[in-house]
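Listed here are the chains, written in short residue letters.
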Amino acid sequence: MKRVWEKIVEGILTCSGFITSITILLIVVFLFAEALGLFNKKVIEEGYVLAVNKANPVQELSAAQIKDVFDEEITNWKELGGPDAEVKVFRLEDITSYFSEEELGAEYEKAPRCIGEIVAGNPGIIAFVPSKFIEKDFPGHLLKDESISFDEVFAGKEWFPTATPAPQFGFLPLITGTLWVSFFAILFALPFGLSVAVYMSEVADHRTRSFLKPIIELLSGIPSVVYGFFGLIVIVPLIQKIFNLPVGETGLAGSIVLAIMALPTIITVSEDAMRNCPRAMREASLALGATRWQTIYKVVIPFSISGITSGVVLGIGRAIGETMAVLMVTGNAAVIPTTILEPLRTIPATIAAELGEAPAGGAHYEALFLLGVVLFFITMLINFSVEYISSRTNK
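Keep in mind that what you see is a predicted model, and the values were worked out from it rather than measured.

So, how was this worked out
Residues numbered from 1 in each chain as written. Predicted model: local features only at pLDDT ≥ 70, side-chain atom pairs only at ≥ 80, totals over all residues. Heavy atoms only, no water. Salt bridge = Lys/Arg side-chain N within 4 Å of Asp/Glu carboxyl O. Helix = DSSP H or I, 4+ residues; strand = E, 2+ residues; numbered from the N terminus. Buried < 20%, exposed > 50% of the residue type's maximum accessible area, 1.4 Å probe, protein only. Pairing = 2+ DSSP bridges. Phe/Tyr/Trp six-rings, centres within 6.5 Å; stacked < 30°, edge-to-face > 60°. UniProt positions renumbered as here; feature names shortened; annotations may be inferred. Axes fitted to C-alpha atoms, helices over the stretch in contact; angles between N-to-C directions. Parallel < 35°, antiparallel > 145°, perpendicular 65-115°, else oblique. Left-handed = near helix turned anticlockwise from the far one by under 90°. Contact = heavy atoms within 4.5 Å. Nonpolar A, V, L, I, M, F, W, Y, C, P; charged D, E, K, R; others polar.

## A look at the pattern of salt bridges
- Under the definition given, this model contains eleven salt bridges.
- For Lys67, the salt bridge identified is with Glu158, shortest N-O distance 3.0 Å. Of the two residues, Lys67 sits in helix α2 (residues 63-70) while Glu158 sits in the loop between α5 (150-154) and β5 (159-160), which places them 91 residues apart along the sequence.
- A relative accessible area of 34% places Glu158 in the partly exposed class.
- Taking the shortest distance from any N to any O, the salt bridge between Glu283 and Arg279 comes out at 2.9 Å. Residue Glu283 and its partner Arg279 are both found in helix α10 (residues 279-287); the two are separated by four residues, about one turn of the helix.
- On the basis of relative accessible area, Glu283 is assigned to the partly exposed category, the value being 42%.

Shown next, in the form of structure tokens:
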């Protein structure tokens, strides 16, 4: 009977492991399937076209060039390889400046002919109009609408997914913002975390350790939004005052909040690893004449490096994947930061803030899934790097 129960339990555990593995694999497949659809989407907003005068030799514009044209940062076709003529932007709502409601028709049934006349009569025009208003005998020509390219996404310096007529899906500001905040968070958390772990494991007496350990473990259970409120009320005004900044919502505020959030993980895991170092090794080191601190950094820490590495990896994972606290204190400016004292935006904060508003199946929706893929690879790369360093250290 006992062997039968053992077989049943073994089968349940095996099935649980198999189902869990399949579920994780399906999640990853779904993530990639949704994300890669972005590169099949067109640069120009779906259902619209860009039309120019037939005499204009320009055949194609990048998403960045289109944005600059419609933001009036480019005002002459010469800058785009065209004639020396002023760029004249035309949107559908501007049509009433050219034709009356009677000429357009009650339901805009005459709009296609009117749009053709406007494009034909203005050499420098670029018209952003619905594709249904373009007739077969249209007197202008349409700019080529290519698919969103890999370079535009991963080398793009602007994230503006709601821009018209060409949304901007540049990941560079979000990737640099994520790495910037995470790097400084670990830079702050790692020395303090290891110091406290060493103190609790090797220096503090039993009473002090029994008092501190539950408090530190309790910190890891505090919701991230509470840390965000603390950062918003305490850290942000402090940074603004110390550095005399116009706003305190900066990358530094996010790094400090993330460092505080990562500390309990680093301290707890590292302290447990050091406590598992055999007493015989400590006593042997002391018997050979080593001091207490020499024993700590030459015996205890090298022996515990695998556990310490695990704590660091978990701390980095908490920093990179954190959403709510970072969303509240970093300013959410999708720009490439040059200093830690500037507002920035991270990948998790972007996904959390925008996924609910992005139309399912659209380019914006798929771009957010692709950001999730980038975050997945960043985390995986960090894990592999730390494991490689740890294995070399053990050897």
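## Details of the pairing of strand β3 (residues 125-130)
- A large share of β3 lies buried, amounting to six of its six residues.
- For strand β1 (residues 48-52) and β3, the ladder comprises five bridges, and the chain directions are antiparallel. Bridge assignment links Val52 to a residue of β3, and that residue is Ile126.
- Direction of pairing for strand β2 (residues 88-91) relative to β3: parallel, over a ladder of four bridges. Across the sheet, the residue bridging to Val89 is Ile126, located in β3.

## Points about the packing of aromatic side chains
- Applying the stated criterion across every chain, the model contains 16 aromatic pairs.
- An angle of 80° between the planes, with centres 6.2 Å apart, marks the rings of Phe70 and Phe128 as edge-to-face. Within this pair, whereas Phe70 is found in helix α2, its partner Phe128 is found in strand β3, the two being separated by 58 residues in sequence.
- Residue Phe70 is classed as buried on the basis of its relative accessible area of 6%.
- The exposure class of Phe128 is buried, given its relative accessible area of 9%.
- Plain terms: the ring middles of Phe154 and Phe171 are 5.4 Å apart, the flat faces sit at 75° to each other, and that makes the pair edge-to-face. Here Phe154 is found in helix α5, whereas its partner Phe171 is found in the loop between β6 (168-169) and α6 (172-203), with 17 residues between them in sequence.
- Its relative accessible area of 25% is what places Phe154 among the partly exposed residues.
- Take Phe171: its relative accessible area is 0%, and that puts it in the buried class.
- One aromatic cluster is present, formed by Phe39, Phe150, Phe154, Trp159, Phe169 and Phe171 through successive ring pairs.

## Let's talk about the sheet that holds β3
- Pairing within the open sheet is mixed, and its four strands lie in the order β2-β3-β1-β4. Only two strands of the sheet have a single partner each, and these edge strands are β2 and β4 (141-142).
- Taken together, the two bridges between β1 and β4 define a ladder with antiparallel strand orientation. Its bridge partner lying in β4, Ala51 is registered against Leu142.

## Brief notes about the UniProt feature "transmembrane region" (unreviewed entry) in the protein chain
- Residues given the UniProt feature "transmembrane region" (unreviewed entry) here are residues 12-33, 179-200, 221-240, 252-274, 295-320 and 367-386.
- For residues 179-200, helix accounts for 100% and strand for 0%, while the C-alpha atoms at its two ends are 30 Å apart.
- Helix and strand shares over residues 367-386 are 100% and 0% respectively, and the end C-alpha atoms of the span are 29 Å apart.

## Focus on the packing of helix α7 (residues 206-219) against helix α9 (residues 251-275)
- Packing of α7 against α9 brings their axes to within 8 Å, and their N-to-C directions diverge by 140°. What the angle tells us is that α7 and α9 run oblique. At the point where α7 passes α9, the crossing takes the left-handed sense. Side by side, α7 and α9 meet where Arg209, Lys213, Ile216, Glu217 and Leu219 of the first sit next to Pro264, Ile267, Thr268, Glu271, Asp272 and Arg275 of the second.
- For the contact of α7 with α9, the residue count by class is four nonpolar, one polar and six charged.

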